[in-house]
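Coordinates in review
Given next are the chains, with one letter for each unit.
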Amino acid sequence: MELKLADYKSDLAPDWCPGCGDYGILSALQTALYKLGIEPGRAVLVSGIGCSAKTVHYAATYGVHTLHGRPLPVAQGVKLANPELTVIAMAGDGDGMGIGAGHFVGVGRRNPDLLYLIFNNEVYGMTKGQASPTLELGAQPKSLARPNIQSKVNPLMLAFAAGFTFIARGYAYDVKNLARLMQQGIEHRGLAMIDVLQPCPTYNNLHTREWFAPRVYDINAEGYDPRVPREMSDAERAERMARFTLKATEWGERIPTGVFWQAELPSFEERLGEFLPGYPETAPATRPPGGEADRA
Ligand code: SF4
């Protein structure tokens, strides 16, 4: 049966605020799955808690709405149980960089073959716009009584330090390019993260659609090559790391988007196969309806 984009949309109507960046992220995700021809029954979305977490309800894939900060452990479990599935974990900036920060570092050490989306609007939108870990020092969106007194976390730099092998940044209102990044992240063999910048028009009146529009640009369109092949020399790798750092920390008048880093390393599932005889066939049978196990 030929798949249509509509096959990836659930019957539920999103109830995000008008103008929320979440709409663009949902649309890009559905487009990426459709363009890759991944059957809805072969994809699993896993979310934590927050406005972003509702995404799993609006896509007609399998979905797990888990606990605050916990999408990554659940996503890893799903992937290890059935490596044939396309697994996409997602979290807001508070969910992923605050409550779930320990899991972010832990998963980076393993390099499982999954995609992690950070919905980054710099505030805890679901609970009235408190400062999240990605809000700049001194920033005061309208939801704060005083300026933020803590420094911000840079998800790209943290992902690099943790060991993510595909590191990208997208923008929620550039749905076409965001869908392209998601396709690349899903196709990457290993752990991929996309930090998605998104306006929260209800609580963040500083970084709005109008603020982002003249600033975001595509580094790959400007010739930046993110690839770090296995055979690269130490000197070449050091040069790539320095270039990555320069781009990943650029912020203000120009805000880079695109793929910043893509390294070739064995995935966790590949390494597990060396330790567990017969893996993944020895994993629990969790094939979704319509899969090969049902047809046999
Ligand atoms: Fe979106 Fe902000 Fe509304 Fe949440 S509070 S749905 S992040 S606009």
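Going by the structure above, here's the rest.
A few points on the structure. (Residues numbered from 1 in each chain as written. Predicted model: local features only at pLDDT ≥ 70, side-chain atom pairs only at ≥ 80, totals over all residues. Heavy atoms only, no water.)

1. Digging into the nonpolar core
- With 32 residues, the main nonpolar core has Tyr116, Phe164, Ile167, Met193 and Phe244 as its most contacted residues.
- At the level of elements, strand S1 (43-47), helix H3 (71-81), strand S3 (86-92), helix H5 (101-108), strand S4 (115-120), helix H6 (155-162), helix H9 (234-248) and strand S11 (255-263) are the ones that each hand at least two residues to this core.
- What isoleucine 167 contacts, discounting residues up to four positions off in sequence, is Leu156, Ala159, Phe160, Met193, Phe244, Gly258, Val259, Phe260 and Trp261. (Core = buried A, V, L, I, M, F, W, Y, C linked by side-chain atoms within 4.5 Å. Buried < 20%, exposed > 50% of the residue type's maximum accessible area, 1.4 Å probe, protein only. Helix = DSSP H or I, 4+ residues; strand = E, 2+ residues; numbered from the N terminus. Contact = heavy atoms within 4.5 Å.)

2. Considering the pairing of S4
- With six of six residues buried, S4 is to be regarded as a mostly interior element.
- Burial along S4 is two-sided: the residues Leu115, Leu117 and Phe119 and Tyr116, Ile118 and Asn120 are all buried.
- In this structure, S3 lies alongside S4, joined through five bridges in parallel fashion. Paired with alanine 91 across the bridge in S4 is isoleucine 118. (Pairing = 2+ DSSP bridges.)

3. A short note on the site of the ligand
- Every residue near the ligand is listed here: Trp16, Cys17, Cys20, Cys51, Asn121, Gly125, Cys200, Pro201, Thr202 and Tyr203.
- In this structure the site holding the ligand corresponds to the largest pocket.
- For the shell around the ligand, the residue count by class is seven nonpolar, three polar and no charged. (Near = heavy atom within 4 Å. 1 Å grid on protein atoms, 1.4 Å probe; cavity = no way out; pocket = protein on both sides within 12 Å on 5 of 7 lines; lining within 4 Å. Sits in = over half its atoms within 2 Å of the grid points. Nonpolar A, V, L, I, M, F, W, Y, C, P; charged D, E, K, R; others polar.)

4. Section: the pattern of salt bridges
- Tallied over the full model, the rule gives 11 salt bridges.
- Across the pair arginine 169 and aspartate 195 runs a salt bridge, and its minimum N-O distance is 3.6 Å. In this pair, arginine 169 is assigned in strand S7 (residues 166-171) and aspartate 195 in strand S8 (residues 192-197), connecting sequence segments 26 residues apart. The same class applies to arginine 169 and to aspartate 195, which are both buried.
- Between arginine 215 and glutamate 253 there is a salt bridge, with the nearest N and O atoms lying 3.8 Å from each other. Of this pair, arginine 215 sits in the loop between helix H8 (209-212) and strand S9 (216-218) while glutamate 253 sits in the loop between H9 and S11, placing them 38 residues apart in sequence.
- Using a relative accessible area of 64% as the deciding quantity, one classes glutamate 253 as exposed. (Salt bridge = Lys/Arg side-chain N within 4 Å of Asp/Glu carboxyl O.)

5. Remarks on the pairing of S1
- Within S1, five of the five residues are buried, leaving the element largely enclosed by the surrounding structure.
- What you see with S1 is no split at all: Ala43, Leu45 and Ser47 on one side and Val44 and Val46 on the other are buried throughout.
- Two elements, S1 and S3, share five bridges in a ladder whose sense is parallel. If you follow serine 47 over to S3, its bridge partner there is methionine 90.

6. What about H5?
- Listed in full, the buried residues belonging to H5 are Phe104, Gly106, Val107 and Gly108.
- On the buried face of H5, the contacting elements are H3, helix H4 (93-99), S4, H6 and S8.

7. Some points on the layout of surface pockets
- Space inside the largest pocket adds up to approximately 410 Å³.
- Mapped onto the lining of the largest pocket, the elements with two or more residues apiece are H4 and strand S5 (123-124).
- By residue number, the principal contributor to the lining of the largest pocket is H4, which donates three residues.
- Split by residue class, the lining of the largest pocket holds 12 nonpolar, 10 polar and six charged.
- In this structure, the second largest pocket encloses a volume near 270 Å³.
- Forming the boundary of the second largest pocket are 17 residues, of which Lys79, Pro83, Leu85, Asp113 and Glu269 lie nearest the centre.
- At the level of elements, S3, helix H7 (175-187) and helix H10 (268-275) are the ones that each hand at least two residues to the lining of the second largest pocket.
- The class makeup of the residues in the lining of the second largest pocket is six nonpolar, five polar and six charged. (Points joined across faces, edges and corners; volume = space filled by probe spheres on them.)

As far as function goes, none of this settles anything; it's purely spatial.
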